[in-house]
Structures are given as structure tokens and as C-alpha cells.
Amino acid sequence: MKAWVVERQKKIEEHPLVLKNLPVPEPGEHEIRVKVTHCGICRTDLHIAEGDIPLSKVPIVPGHEIVGIVDSLGTHANRFSVGDRVGVSWLNSTCGTCKYCLRGDENYCPSIKRTGYDVDGGFAEYVLVHEDYAFDLRNVSLSSENLAPIMCPGITGHYAFRISGIENGERLGMLGFGPTAYYILRVAKSMGMEVYISTRSPEHKKIAKKYGADWVGNIAQEDFPHKVDAFIYFPATGKLVERALANTVPAATLVLGAVTMSPIYIENYTANLWGRTVKTIYQVRRDYGAEFIKLADKLNLDIEKEIVSFEDVPNAMVRLKQGKIKGMVQVIKF
Ligand SMILES: [Zn+2]
Ligand SMILES: [Zn+2]
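Residues numbered from 1 in each chain as written. Chains lettered and ligands numbered in written order. Predicted model: local features only at pLDDT ≥ 70, side-chain atom pairs only at ≥ 80, totals over all residues. Heavy atoms only, no water.

1. Looking at the nonpolar core
Counting residues in hydrophobic clusters, the biggest one holds 94 residues, and the most contacted among them are I32, F123, L172, M174 and F177. Counting residues per element, this core draws most heavily on helix α3 (residues 144–163), at nine residues. Taken domain by domain, this core gets at least three of its residues from each of domain 1 (2–142 + 302–333) and domain 2 (156–280). When residues no more than four places from it in sequence are discounted, the contact partners of I32 are P27, V70, S72, L73, A77, F80, V86, V127, L128, V129, E131 and A134. Core analysis: the second largest hydrophobic core is formed by 14 residues, Y196, I219, L240 and V241 among them. (Core = buried A, V, L, I, M, F, W, Y, C linked by side-chain atoms within 4.5 Å. Buried < 20%, exposed > 50% of the residue type's maximum accessible area, 1.4 Å probe, protein only. Helix = DSSP H or I, 4+ residues; strand = E, 2+ residues; numbered from the N terminus. Domains from an automatic or database assignment. Contact = heavy atoms within 4.5 Å.)

2. Description of the domain arrangement of the chain
Domain assignment breaks the chain into domain 1 (2–142 + 302–333) and domain 2 (156–280). Once you take the C-alpha centre of each, domain 1 and domain 2 turn out to be 28 Å apart. Facing the seven residues of domain 1 at the interface are 11 residues of domain 2. Between domain 1 and domain 2 the total buried area reaches about 800 Å² when both faces are included, carbon and sulfur atoms providing 56% of it. Put simply, domain 1 and domain 2 have five residue pairs in polar contact (both at pLDDT 80 or more) between them. (Buried area = accessible area lost by both parts, 1.4 Å probe. Polar contact = N/O pair within 3.5 Å; in protein donor to acceptor, adjacent residues only side chain to side chain.)

3. What about the side chain of D45?
Positionally, D45 belongs in helix α1 (residues 43–50). Of the side chains bearing the opposite charge, R43 lies closest to the buried D45, which forms no salt bridge; the N-O distance is 10 Å. At 3.4 Å, the side chain of D45 forms a polar contact with the side chain of H64. Residues in contact with D45, not counting those within four places in the same chain, are G40, P62, G63, H64, F123 and M317. (Lys, Arg positive; Asp, Glu negative; His and termini not counted. Salt bridge = Lys/Arg side-chain N within 4 Å of Asp/Glu carboxyl O.)

4. Regarding the coordination of the zinc ion (ligand 1)
Here the zinc ion (ligand 1) is held by C42 (SG), H64 (NE2) and C152 (SG), and the distances to it run 2.0 to 2.2 Å. Sequence spacing of the donors to the zinc ion (ligand 1): C-x21-H-x87-C. Placement of C42 in the loop between β3 (31–41) and α1 and of H64 in the loop between α1 and β4 (66–73) is noted, with a sequence separation of 22 residues between them. We classify H64 as buried; its relative accessible area is 1%. (Donors = N, O, S within 2.8 Å, 3.2 Å for Na, K, Ca; no water.)

5. Considerations on the coordination of the zinc ion (ligand 2)
For the zinc ion (ligand 2), every protein donor is listed as C95 (SG), C98 (SG), C101 (SG) and C109 (SG), and the spread of their distances is 2.3 Å. One way to put it: the four donor atoms around the zinc ion (ligand 2) meet at angles of 106 to 116°, and that makes the site tetrahedral. Along the chain, the residues donating to the zinc ion (ligand 2) are arranged with the sequence spacing C-x2-C-x2-C-x7-C. Judged by its relative accessible area of 16%, C98 falls in the buried class. Residue C101 is classed as buried on the basis of its relative accessible area of 13%. (Tetrahedral: all angles 85-135°; square planar, octahedral: opposite > 155°, others 65-115°.)

6. With respect to a nonpolar patch on the surface
Together, I264, I266, Y269 and W274 give the surface a local cluster of nonpolar side chains, amounting to about 410 Å² of exposed area. Tracing the backbone shows I266 in the loop between β14 (248–256) and α7 (269–272). (Patch = residues over 30% accessible without salt bridge, like charges linked within 9 Å, V, L, I, M, F, W, Y side chains within 5 Å. Areas by Shrake-Rupley, 256 points an atom, 1.4 Å probe, with all protein chains shown as cover.)

7. Concerning the pairing of strand β8 (residues 126–130)
Here β8 lies mainly inside the structure; four of its five residues are buried. Pairing analysis gives five bridges linking β3 to β8, with the strands arranged antiparallel. Bridging from a neighbouring strand, V34 pairs with V127 of β8. (Pairing = 2+ DSSP bridges.)

Now the structure itself:
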């Protein structure tokens, strides 16, 4: 099968992705093989290719926003049939027996296997996944093009939204407006919340306004019109964390979405941190994922996207790095 492989991490302009012809993988006992029809390209794939995150498996096929058709079953796999549509996210499998798995915190499982990082991912014609960790898309009416980005920014956004503890009628603030914030905005507005977005990008400001943000600006320069009950913060710079906290009520929760972060300094503890709860998004959980897929289907959630051919993946990732993509996300169509 054709696959884009990272063997050596380097700047995306120096082509860390190499086209290889790999054997079609055989599913293990409880695995299914999925013929990939769509795979979203994520900023995490860029970090993996460029070396911002160390490689876990060498060589590795990136890609963890996968939609495809079940094509072969392991000897003990019986959840799906050949021909069923499924989704595959970052969460490829966990041990199922550790204390975190048993209490429903599978994202903290020390034996977690991540698609496109610990095991080969969706920048290839076929992927393997433990059958219990595939998302069931048989009764979902959203198109596969719209479902692929839901497999990462969609379900990650829902995770952040849920742990923020925000409730109907409350105010939500967000800093950074990528696809994850976009999905949160769509859901929050469907629930009648007031949403304030801080972003520097004029293009993102336009999209945030178009989809109903109640205030769009830049909290580096000005305050929100009101203090918010929850704040979801995406950038990898710690510089604005105190500014974000300063725009929250003392009972608020701040959720940090980044994987890496420059130092965070809090100068005024009493005014800006006292009372608040700070949480981070860590990996992905199936319960929030399945819940979000249902919700996205009900709301018919689409997203402005650039469709990328398999051959164009390396160039598409250069465009992603340069901020030159058309729409909010890129989706490879096989
Ligand atoms: Zn992702
Ligand atoms: Zn476990």
C-alpha cells in the first residue's frame, strides 16, 4: 500500500515525509483493518514530522483523523462487519485493566497506543485499530469529509468543553481560534451561551463572527466585555495565561489545550488565580468522542475545509505551517 512515512524528523520544507510502498497490514485478534477514505491533517502531524515531539515509533505513518470502511476483521473481532463505516482517532487502544482504564480515565492509561504516533496512522491506504476503539459511524449521516476533522479537533474540543464545567446561560471565553475552538463555538452557540473569542488572525476573526461569536478581539490589548465562567486557552505560549485568568470570575475553570507551552508566570495571585481551577486536555477519551459525534450529527456540523489529494500531502503540510490553507482544516481524500 502507498503510505507517507516519517523516518527522520526535519523542517517540513525539507520533506520529512517520504512516499513508501508498505505491505498491507494484517489485523490482530481484536483488531479491524480500515480502508482509509478520508484523513484530516492536524498540527500534531506537523509537530511529529518536524521534531517538536520526539518519535515514538520509527518509521511512522502519521494521521489520526481517519474515516474509512472496515475491510478485514481479526479472528476475534465481531463488533463490525466488512463494509461498515468507522472513524479512528488518536486513541488506538489502551490496556483496559489499569486503574485509569477501569475508572473511565482511559486517556491516562500508561499503555495507551496513539494512532499515527505509537502505531501507523491514516496517511496510508489502510490502518489497524482495536475494534472497541473505532468510532461507530454506521448510523451517522454526516459526510466523511465532515467527519474526518471531527475525529481530532471535534472530539478534543468537546473534551475541553465538558471539563470546563460550563453550563447553559453562562459565558465562555476562548483564546486562539483554530478548528477545535470552531467546533466549541458552534456547540456553545447551539446551547445559547455567550462566547467571546480572542484571536490575532483577521481571517479567524471573520469566521468567528460569521458563526455567532458575541465578541471578537484580542485580550492582549483589551478586556472581554464581561468576565467569563470558563476559559479555553489554545496557544502554546504561556504569555497570555494571566491575561486569560484576569478575564474570568473566581469560580471559573481555565482549560489549557496545548501539548507544549512556554513558561507561565502569574504575577498577581490574589486577583487572577485565587479560586480558579486550571485543567489541561490530555490525550482523547472515547466517551466524549462518541457523545460529540452524536451531537455533531444532530447539529449537522460542517466545517470550511481544503480537500487534499494523497500526492499533495507534503505540500499541504507546508501550507498548514505557513497558515495558507483555505478554510479551517485540510482533509486528504483517497
Ligand atoms: Zn489531531
Ligand atoms: Zn490502562
